[in-house]
Amino acid sequence: MHYKWTLLVVEDEDKLLRTLSDFLALQGYEVLQASDGQKALEVFYNNMNQIDLVLLDIMLPQIGGNEVLREIRKKSQVPVIMLTANSSVEGQLYSFSKGADDYIVKPYTLSIIKAHVEAVLKRVGKNSQTLEAGRLRLDLPAQKVYRKGEYVETTRREYELLLFFMENQGRVLKREHILDAVWGYDYSGETRTVDTLVKQLRKKLTEECNYIRSVYGVGYIFEAGADEK
């Protein structure tokens, strides 16, 4: 089975949104859509672990593209390509300073979009179907966890939590952010749910992979290799 990479396309022009989404779907991508900044953040928070790249228009209703980018960067390092009619160097530098990975100026051809998407995914390693950290390896298409080459049985939620930790290695993650990422933006449960799942996951990973560290009063940080010889 071929693994489909998931893209979030954010564009307020309906015709362009449809055209771009249809084209990318034909290229084999799974495509999520949003036509304003508020919707973009909702879709992103609810699908954070599945989204591999964001195509983000700068001029958006509700919340502007650069503000959306800033919010995304609080929780994720997912690749973001900005789409804009502003060709000024200042505009590009501003977006890059907020964490953009690439910048495409309108009008553009669909082939240019395809080339940029492929280049960015390749550059950040998203074309790989595995994610490794220390003694752990995730098989992304199969959603399976391996510890020193041996399969570790996990629930879907445990897998998503570990994936989120590994994608944000070395970053202190607040319980609230973890809750949004793994359970969804609209989840109304308590942050203790995170602690319970972390405890379960630590037990399955064993002391050999004791990479999930508590940060007192804040949340957790994933640091692979800290106990490696």
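A few points on the structure.

Rules behind the numbers
- Residues numbered from 1 in each chain as written.
- Predicted model: local features only at pLDDT ≥ 70, side-chain atom pairs only at ≥ 80, totals over all residues.
- Heavy atoms only, no water.
- Helix = DSSP H or I, 4+ residues; strand = E, 2+ residues; numbered from the N terminus.
- Buried < 20%, exposed > 50% of the residue type's maximum accessible area, 1.4 Å probe, protein only.
- Contact = heavy atoms within 4.5 Å.
- Pairing = 2+ DSSP bridges.
- Axes fitted to C-alpha atoms, helices over the stretch in contact; angles between N-to-C directions.
- Salt bridge = Lys/Arg side-chain N within 4 Å of Asp/Glu carboxyl O.

1. Digging into the environment of valine 105
Consideration 1: Tracing the sequence through the fold places valine 105 in strand E5 (residues 102-105).
Consideration 2: On the basis of relative accessible area, valine 105 is assigned to the partly exposed category, the value being 27%.
Consideration 3: Between the alpha carbons of valine 105 and phenylalanine 165 there is a distance of 34 Å; along the sequence they are 60 residues apart.
Consideration 4: Beyond its immediate chain neighbours, meaning those up to four positions away, valine 105 contacts Thr84, Ala85, Asn86, Ser87 and Gln92.

2. Quick notes on helix H3 (residues 65-75)
Consideration 1: Most of H3 sits inside the fold, with eight of its 11 residues counted as buried.
Consideration 2: Along H3, the positions that sit buried rather than exposed are Gly65, Asn66, Val68, Leu69, Glu71, Ile72, Arg73 and Lys75.

3. Examining the sheet that holds strand E10 (residues 172-174)
Consideration 1: Pairing within the open sheet is antiparallel, and its three strands lie in the order E10-E12-E11. Unpaired on one side and paired on the other, E10 and strand E11 (212-215) mark the two borders of the sheet. The mean angle between the axes of side-by-side strands here comes to 35 degrees, regardless of whether they run parallel or antiparallel.
Consideration 2: Bridge analysis of E10 against strand E12 (residues 219-222) gives three bridges, and the strand direction is antiparallel. Following the sheet pairing, valine 172 is matched in E12 by isoleucine 221.
Consideration 3: Contacts between helix H7 (residues 175-183) and the sheet are confined to E10 and E12, with E10 contributing the most and set at about 75 degrees to the helix.

4. A look at the pairing of strand E6 (residues 130-133)
Consideration 1: Two strands pair when backbone bridges link them, and E6 and strand E7 (residues 136-139) are joined in this way by four bridges, in the antiparallel orientation. From the neighbouring strand, alanine 133 faces E7, where its bridge partner is leucine 136.

5. So, the pattern of salt bridges
Consideration 1: All chains considered together, the criterion is met by 15 salt bridges.
Consideration 2: Notably, a salt bridge pairs glutamate 11 with lysine 106, separated by 3.1 Å at the nearest N-O pair. Separated by 95 residues along the polypeptide, glutamate 11 in the loop between strand E1 (6-10) and helix H1 (14-26) and lysine 106 in the loop between E5 and helix H5 (110-123) bring together distant segments of the chain.
Consideration 3: A relative accessible area of 0% means that glutamate 11 is categorised as buried.
Consideration 4: The salt bridge partner of lysine 106 is glutamate 13, with a shortest N-O separation of 4.0 Å. Linking lysine 106 in the loop between E5 and H5 with glutamate 13 in the loop between E1 and H1, this pair joins segments that are 93 residues apart in sequence.
Consideration 5: Note on lysine 106: relative accessible area 19%, which makes it buried.
Consideration 6: Glutamate 13 sits in the partly exposed class, given a relative accessible area of 44%.
Consideration 7: A single network of salt bridges, built from pairs that share partners, joins Glu11, Glu13, Asp57 and Lys106.

6. Some details on unusual backbone geometry
Consideration 1: Here lysine 106 and proline 107 are connected by a cis peptide whose omega angle stands at -5 degrees.
Consideration 2: Assignment of secondary structure puts proline 107 in the loop between E5 and H5.
Consideration 3: The phi angle at glutamine 62 is positive, at roughly 70 degrees, despite the residue not being glycine.
Consideration 4: By secondary structure assignment, the location of glutamine 62 is in the loop between strand E3 (51-57) and H3.
Consideration 5: Overall, the relative accessible area of 67% leaves glutamine 62 in the exposed class.
Consideration 6: Positioned with a positive phi, threonine 206 is a non-glycine residue whose angle comes to about 65 degrees.
Consideration 7: Along the chain, the position of threonine 206 falls in the loop between helix H8 (192-205) and E11.
Consideration 8: Given a relative accessible area of 28%, threonine 206 falls into the partly exposed group.

7. Notes on the sheet that holds strand E2 (residues 30-34)
Consideration 1: The sheet built from five strands is open, its strands ordered E2-E1-E3-E4-E5 with parallel pairing. The sheet is open, and its two edges are formed by E2 and E5, each paired on a single side. Taken pair by pair, the neighbouring strands of this sheet meet at an average axis angle of 20 degrees, ignoring direction.
Consideration 2: Bridge analysis of E3 against strand E4 (residues 80-84) gives four bridges, and the strand direction is parallel. From the neighbouring strand, leucine 55 faces E4, where its bridge partner is isoleucine 81.

Function cannot be read off these values alone, since they describe shape.
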